[in-house]
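# Chain and residue survey
Each chain, letter by letter, is given below.
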Amino acid sequence: QVQLVESGGGLVQAGGSLRLSCAASGRTLSMNVIAWFRQAPGKAREFVAAINRADSNTYYADSVKGRFTISRDNARNTVYLQMISLKPEDTAVYSCAAGFSIATREADFFSWGRGTQVTVSS
């Protein structure tokens, strides 16, 4: 089993930056891919970004390309999401998830963190 804990959320002004962390523990060798999802109030959860832990290949949702950067520190079993030029529409609960391969569907991930709130004000 893999346990994931997110941190780094908070309240920022539009145009600001925030860095989220996803710390993994447990059976992390089975965690080939870490992805970030987000869920805004009243909306379905959506894919944000993913990274392959072995080769660092990344994949981003169109809505965050050029603004968000996903990276990893395998020695610390931690994945980061650096967010810049934040917009009010980025407001959501951000969760990280572990999977076996790059994917954008919730069903392809076997472990989830509880999420961290990101609020972007105007």
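Residues numbered from 1 in each chain as written. Predicted model: local features only at pLDDT ≥ 70, side-chain atom pairs only at ≥ 80, totals over all residues. Heavy atoms only, no water.

This part is about the pattern of salt bridges. Summed over all chains, the structure comprises six salt bridges. The partner of Arg38 in a salt bridge is Glu46, with the nearest N and O atoms 2.7 Å apart. With a relative accessible area of 35%, Glu46 lands in the partly exposed category. One salt bridge connects Arg76 with Asp73, and the closest N-O pair in it is separated by 3.2 Å. Exposure remark for Arg76: the relative accessible area of 61% places this residue in the exposed category. It is possible to trace a salt-bridge network through shared partners that takes in Arg38, Glu46, Arg67 and Asp90. (Salt bridge = Lys/Arg side-chain N within 4 Å of Asp/Glu carboxyl O. Buried < 20%, exposed > 50% of the residue type's maximum accessible area, 1.4 Å probe, protein only.)

Turning our eyes to something else, we now look at the environment of Gln1. For Gln1, the location among the structural elements is in the segment before strand E1 (2-7). Classification of Gln1 as exposed rests on a relative accessible area of 63%. Each C-alpha atom, one on Gln1 and one on Val93, is 23 Å from the other, the two residues being 92 residues apart in sequence. Apart from residues no more than four positions distant in its own chain, Gln1 is found in contact with Ser25, Gly26 and Arg27. (Helix = DSSP H or I, 4+ residues; strand = E, 2+ residues; numbered from the N terminus. Contact = heavy atoms within 4.5 Å.)

In total, this model carries one disulfide according to the counting rule given. Sulfur-sulfur distance for the disulfide between Cys22 and Cys96 comes to 2.1 Å. Its torsion about the S-S bond being 75°, the disulfide of Cys22 and Cys96 is classed as right-handed. On the criterion of sequence distance, the pair formed by Cys22 in strand E3 (residues 18-26) and Cys96 in strand E9 (residues 92-99) is long-range, its members being 74 residues apart. In this pair, the class of Cys22 matches that of Cys96, namely buried. (Disulfide = S-S within 2.5 Å.)

Worth remembering: the numbers are spatial, not functional.
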